[in-house]
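Descriptive analysis of the structure
As a plain string of letters, each chain reads:
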Amino acid sequence: MMEFGGLGEDFFEEQKSEKNYRKKVKTQEELDKLTVDENLNEIEKAIYILNSGQQLQYVSVVRNLPILLQYWPDRCYQTIVPKIKQLLNRNDEDLHTTASETFSLIANDPNIPHTAFSTHLIKIVVIHLKNKDQTVARIWSASFAEMLTRVPDDVIRDLVVPVASVMGQLSNPTSSRLQCCKIIGAICRKYAAVSIKKELLPKIKLLCQDVDQDVRACMCSHLHTIAKAMGPADTGHLILEEIYELATDEEHQVVEAAWDAFLAITPLLDKENLKMMKPLLMDYCKQAMYLEDTQTMLDSSLLDVSCKFGKFCASVIDLLTPDERTTMVDIYHRTCLLGRQKLMKKNNGNVALAAQEKLADMCSDKSAKILPASVTTLAGKRIPPILNQTLKKDDSLECRRYSAFNLPAMFDIFRENKYSPKLLECSLILASDDDVIVRKRVAAGLHEIARILGPQAYSLRIHLDSILRQSESHPIVRGCLDHLSETLIQIAQYDNDSKGTGVNDIVISLLTVLTTFETKWELMWRSLEKFILQLRVLPEIITSEQIYTLLARSSGCRTNNLLLVPLQQKDGATPRNLGCYCSGSVSLQKLSGPFIVSRFLRVHYRYFLQALFQAKHFRPRDVARRRQSCKH
């Protein structure tokens, strides 16, 4: 559902539930139950409602508990809190959700003493953490970590740790052990490293070796929190050992959780620890890509590798040998080609040439030029076919989307010149993908790639040219608009073409975008404004004549007004020349158009010119014409 005026789905659902509730209240007896004597004070009203009120009123009292505790703490502890404790024995999800949120606010409210929660309320929380109804238990465990912020360690040691130890026993149900993992993760955020090693580490290791894969994965998902609490000294030989063992687990869910934990604790590991994990990481990536297996684990592993590949490479890049770096780039290249068998069959396996032809077909201007093969290919080296083609279509597509997201990171990690041709080929493959999201992510990261490439940024001109000419896909063009000026400067700065044909092609592409905005995307005015603002760097990359061409070929008044600012900065851009170009670029039919907006834009346009340049540069007949247009 769309949001109207900042009101989301929750507001409308609440209004709907209140309306339905009011429909049910029909008799006078039911109305009397909802009526409270106005002469009672707040505490007495709360007691009355908790004793004889309705479900909706119970929730209201629980929600207002922080105010009651702030102003009437003694009476609240004696009368209100016991009643709420009694009400929470019901397995009502709405009541428990409200109570858990309220208790979390009380635990972190500086206006309420921390002893209020640690003395009276934490006992209620602990009771419901081990509730037999798993829905209720999950509600309380979700906010339990926030509740422990100001609770003293001795209270946690006496009340919470014993409960967690009992819940984590193998004889208890799986749901109980899962709750134990979450509780331990919450405790470690507050506990000191010495206490964790002494009281919780044995239980953590047992849960990491649990017979149930869900328990192992859940405990593994909290290992990074435990590692940060214990510090770098103990992480390497205590936590990393568990992660190493879980990374070799047979269940993909556990393996993914283990690699997530490894990436989260990488800043805490020294070089020796990373050396221990590097062979396992390499094997994980290779197996996900090369095995000709149809098991579910393979599909999921390949998706996981594609998603985390940039982080994997960044974590061990300093330890990789040249051959290993080539292998990692090769794996990334293969993920970019997943599900694109047709592309690999064209041109005798020359993927780069096939991708460029695909880009030319996707552009609205079919005359897109192709880069030299030496720039984008590995000296004619044929790309070997991908062994694993058993993935579902959606899985292959997700892998390519992840690869497009990781593209700037790959250029940043593998900065050596010998890897640039391979990565440029990957960028061509992704830029020519049939999926809009893949191409949009390439467009969004193009400025980062250009900045990283430096002198080789000119090789990206075909990417930018193809992105700007895709007149049928507004999201793709919009993806590069935020940093278009930076991309233009980087590409034009290292233009090694003496004739300037590459920059000319980009100028034509910019004109194509302007024309498309004015003809097909009339309603996309925000994107048009962003695009025009990015064009203020044009004086730095092209000549005055080319800017004049853009101005003369565009018919939009908004476009021309914004283009006048960069025109003013060029050498030889006199007001007379600018006035001639501007007058010629705006059709005279605008002045006598059937709509008032057309004539208003013309008037605004003329006043813009007079404000930008001195009045003496305008002839009297121009002023007379402007006055005549106002009479319309």
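Residues numbered from 1 in each chain as written. Predicted model: local features only at pLDDT ≥ 70, side-chain atom pairs only at ≥ 80, totals over all residues. Heavy atoms only, no water.

1. Concerning the overall build of the protein
Counting secondary structure elements, the protein contains 37 helices and zero strands. Burial statistics for the protein: of 632 residues in total, 51% are counted as buried. Carbon and sulfur atoms make up 52% of the accessible area of the protein, which amounts to about 31,100 Å² in all. (Helix = DSSP H or I, 4+ residues; strand = E, 2+ residues; numbered from the N terminus. Buried < 20%, exposed > 50% of the residue type's maximum accessible area, 1.4 Å probe, protein only. Areas by Shrake-Rupley, 256 points an atom, 1.4 Å probe, with all protein chains shown as cover.)

2. So, the nonpolar core
Membership of the largest hydrophobic core comes to 172 residues, with the highest contact counts inside it found for Leu223, Ile226, Trp259, Phe262, Met328, Phe414 and Phe531. What Trp259 contacts, discounting residues up to four positions off in sequence, is Ala247, Met277, Leu280, Leu281, Tyr284, Lys308 and Phe312. (Core = buried A, V, L, I, M, F, W, Y, C linked by side-chain atoms within 4.5 Å. Contact = heavy atoms within 4.5 Å.)

3. Let's talk about the environment of Gly236
Residue position: Gly236 is located in helix 16 (residues 232-247). Taking the C-alpha atoms as reference points, Gly236 and Leu274, 38 residues apart in sequence, are found 9.3 Å from one another. Once residues within four sequence positions are removed from consideration, Gly236 is found in contact with Glu241, Leu269 and Asn273.

4. Describing the packing of helix 15 (residues 223-230) against helix 17 (residues 252-265)
Orientation of helix 15 relative to helix 17, taken along the N-to-C sense of each, is 30°, at an axis distance of 8 Å. Between helix 15 and helix 17, the angle is such that the two are roughly parallel. Helix 15 and helix 17 meet at a crossing whose hand is right-handed. Facing Leu223, His224, Ala227 and Lys228 of helix 15, the residues of helix 17 in contact are Ala261, Ala264 and Ile265. (Axes fitted to C-alpha atoms, helices over the stretch in contact; angles between N-to-C directions. Parallel < 35°, antiparallel > 145°, perpendicular 65-115°, else oblique. Left-handed = near helix turned anticlockwise from the far one by under 90°.)

5. Concerning the pattern of salt bridges
The tally for this structure, following the rule as stated, stands at 18 salt bridges. When the shortest N-O distance is used, the salt bridge between Arg157 and Glu199 registers 2.8 Å. With Arg157 in helix 11 (residues 153-167) and Glu199 in helix 13 (residues 193-208), the pair connects residues that are 42 residues apart, well separated along the chain. For Arg157, a relative accessible area of 32% gives the class partly exposed. Its relative accessible area of 23% is what places Glu199 among the partly exposed residues. A salt bridge links Asp249 to Arg216, with the nearest nitrogen and oxygen atoms 3.1 Å apart. In this pair, Asp249 is assigned in the loop between helix 16 and helix 17 and Arg216 in helix 14 (residues 213-220), connecting sequence segments 33 residues apart. The same class applies to Asp249 and to Arg216, which are both buried. (Salt bridge = Lys/Arg side-chain N within 4 Å of Asp/Glu carboxyl O.)

6. Let's talk about the packing of aromatic side chains
For the coordinates displayed, the defined rule picks out eight aromatic pairs. A centroid spacing of 5.5 Å and a plane angle of 65° characterise the contact between Phe103 and Trp140, whose relative ring orientation is edge-to-face. Within this pair, whereas Phe103 is found in helix 7 (residues 93-108), its partner Trp140 is found in helix 9 (residues 134-142), the two being separated by 37 residues in sequence. The class of Trp140 is buried, set by a relative accessible area of 0%. An aromatic cluster is present here, built from Trp259, Phe262, Tyr284 and Phe312 joined pairwise through their rings. (Phe/Tyr/Trp six-rings, centres within 6.5 Å; stacked < 30°, edge-to-face > 60°.)

7. Here's the deal with a nonpolar patch on the surface
A cluster of nonpolar residues, Ile67, Tyr71 and Trp72, forms a patch on the protein surface that exposes about 330 Å² of accessible area. By secondary structure assignment, the location of Trp72 is in the loop between helix 5 (65-71) and helix 6 (73-87). Residue class for Trp72 comes out partly exposed when judged on its relative accessible area of 34%. (Patch = residues over 30% accessible without salt bridge, like charges linked within 9 Å, V, L, I, M, F, W, Y side chains within 5 Å.)

8. Digging into the confidence of the model for the protein
Looking at the protein, pLDDT values average 77 and 71% of them are 70 or higher. Under a pLDDT of 50 for its full length, residues 1-7 has, in the predicted model, six contacts with residues more than four places off or in other chains. Here residues 292-298 scores under 50 on pLDDT; set against residues more than four positions off or in separate chains, the count is 13 contacts. (pLDDT = per-residue confidence, 0-100.)

9. Things to note about helix 30 (residues 484-493)
Counting buried residues in helix 30 gives seven out of ten residues, a clear majority hidden from the surface. Regarding helix 30, the residues found buried are Leu484, Ser485, Thr487, Leu488, Gln490, Ile491 and Ala492.

10. Considering the side chain of Arg401
The topology assignment puts Arg401 in helix 24 (residues 393-413). A distance of 3.1 Å separates polar atoms of two side chains, one belonging to Arg401 and the other to Glu398. (Polar contact = N/O pair within 3.5 Å; in protein donor to acceptor, adjacent residues only side chain to side chain.)

11. Description of the side chain of Arg400
Among the secondary structure elements, Arg400 is positioned in helix 24. By relative accessible area, Arg400 is classed as buried at 9%. There is a polar contact of 2.5 Å between the side chain of Arg400 and the side chain of Asp433. Ignoring any residue separated from it by four or fewer positions in sequence, one finds Arg400 in contact with Thr335, Cys336, Leu338, Gly339, Arg340, Leu430, Asp433 and Val438.

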